[in-house]
Each structure stands twice: as C-alpha cells, then as structure tokens.
Amino acid sequence: MALGKSHRNPFATSMGQHIENATVAGLQTEHWGQFMHICDIINTVHDGPKDAIKALKKRISKNYNHKSNLPCHLLTYAYRTSQPSNA
C-alpha cells in the first residue's frame, strides 16, 4: 500500500451514503432537497468536506459509462454553496 493511500470505502461514512443515494445512476434528474441536505452537512460537520470530496471523487472516477452527470452537478452545487472555513 502506498503512503497516504487509504483503501477505506468512502461510501461507508454517513456523508458517503448520502452522496451515493443522491447520485445513483438510475436517477434521471437532480433531487435538490438531497443536494441541499448534503451541502448543509458539508458546511456544518467537521469531516463533512473531506468525506464529501472522497465520495464524489470515487463516484466520478467510477462513472465509466458517463450515464449520469449527477455527481458533477452535486459537486458544482456544493462548490457554489460552500462557506469559507473559519479554521
């Protein structure tokens, strides 16, 4: 295993499960309520941004057939609604 690489499933976290459900390939359109809920979690939970990036990266990289643009739409929406960190 390479240094810095984790084989942990990003969909095992609560954030990952939300992202997986909101971007499943069978959906035809965005479910904006789920997208807003995910963005609220990203902006309020300490590990929210980190977990979201890992799950979205995995979802986008595994979208071989490019059947769904939902992960990209969620990423764009999350970026536009993100709040600056106070760290």
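As shown above, the structure is provided for reference.
Predicted, not measured: the structure shown is a model, and the values here were computed from it.

Draft legend 1. Spatial organisation of the overall build of the protein chain. Within the protein chain one finds 4 helices and 0 strands. Ordered by position in the sequence, the α and β elements of the protein chain form the string α-α-α-α. In the protein chain, which comprises 87 residues, the proportion classed as buried is 29%. Pairs at least 24 apart in sequence give 65% of the contacts found in the protein chain among residues at least 6 apart. Accessible area for the protein chain stands at about 6,400 Å²; split by element, carbon and sulfur atoms hold 55% of it.

Draft legend 2. Representation of the nonpolar core. Grouped together as the largest cluster of nonpolar side chains are 14 residues, with contacts concentrated most on Met15, Ile19, Ile38, Ile42, Ala52 and Leu74. Where this core is concerned, the elements lending two or more residues are α1 (14-22), α2 (32-44), α3 (48-61) and α4 (70-81). Looking at which element gives the most residues to this core, the answer is α2, with 5 residues. With residues up to four places along the chain from it excluded, the contact list for Met15 reads Ile38, Ile41, Ile42, Gly48, Asp51 and Ala52.

Draft legend 3. Main features of α1. Met15, Gly16, Ile19 and Ala22 are the residues of α1 that are buried. Mapping the buried residues of α1 onto a view down its axis gives an arc of 135°, with all of them on the same face. The inward-facing, buried residues of α1 abut α2, α3 and α4.

Draft legend 4. Just the side chain of Asp51, in detail. For Asp51, the location among the structural elements is in helix α3. For the buried Asp51, no salt bridge is present, and the opposite-charge side chain at shortest range is Arg8, 4.1 Å distant. Residues within four places of Asp51 in sequence aside, it is in contact with Arg8, Thr13 and Met15.

Draft legend 5. Structural context of the pattern of salt bridges. Evaluated as defined, the whole model comprises 1 salt bridge. When the shortest N-O distance is used, the salt bridge between Lys50 and Asp47 registers 4.0 Å. For Asp47, a relative accessible area of 35% corresponds to the partly exposed category.

Draft legend 6. Quick look at the packing of α1 against α2. Running from amino to carboxyl end, α1 crosses α2 at an angle of 160°, the nearest separation of the two axes being 10 Å. Relative to α2, α1 is oriented roughly antiparallel. When the axes of α1 and α2 are compared, the crossing they make is left-handed. Between α1 and α2, the contacting residues are Met15, His18, Ile19, Asn21 and Ala22 on the first element and Gln34, Phe35, His37, Ile38, Ile41 and Ile42 on the second. A class-by-class count of the residues in the contact of α1 with α2 yields 7 nonpolar, 4 polar and no charged.

The rules behind these values
Residues numbered from 1 in each chain as written. Predicted model: local features only at pLDDT ≥ 70, side-chain atom pairs only at ≥ 80, totals over all residues. Heavy atoms only, no water. Helix = DSSP H or I, 4+ residues; strand = E, 2+ residues; numbered from the N terminus. Buried < 20%, exposed > 50% of the residue type's maximum accessible area, 1.4 Å probe, protein only. Contact = heavy atoms within 4.5 Å. Areas by Shrake-Rupley, 256 points an atom, 1.4 Å probe, with all protein chains shown as cover. Core = buried A, V, L, I, M, F, W, Y, C linked by side-chain atoms within 4.5 Å. Arc of directions from axis to C-beta. Lys, Arg positive; Asp, Glu negative; His and termini not counted. Salt bridge = Lys/Arg side-chain N within 4 Å of Asp/Glu carboxyl O. Axes fitted to C-alpha atoms, helices over the stretch in contact; angles between N-to-C directions. Parallel < 35°, antiparallel > 145°, perpendicular 65-115°, else oblique. Left-handed = near helix turned anticlockwise from the far one by under 90°. Nonpolar A, V, L, I, M, F, W, Y, C, P; charged D, E, K, R; others polar.

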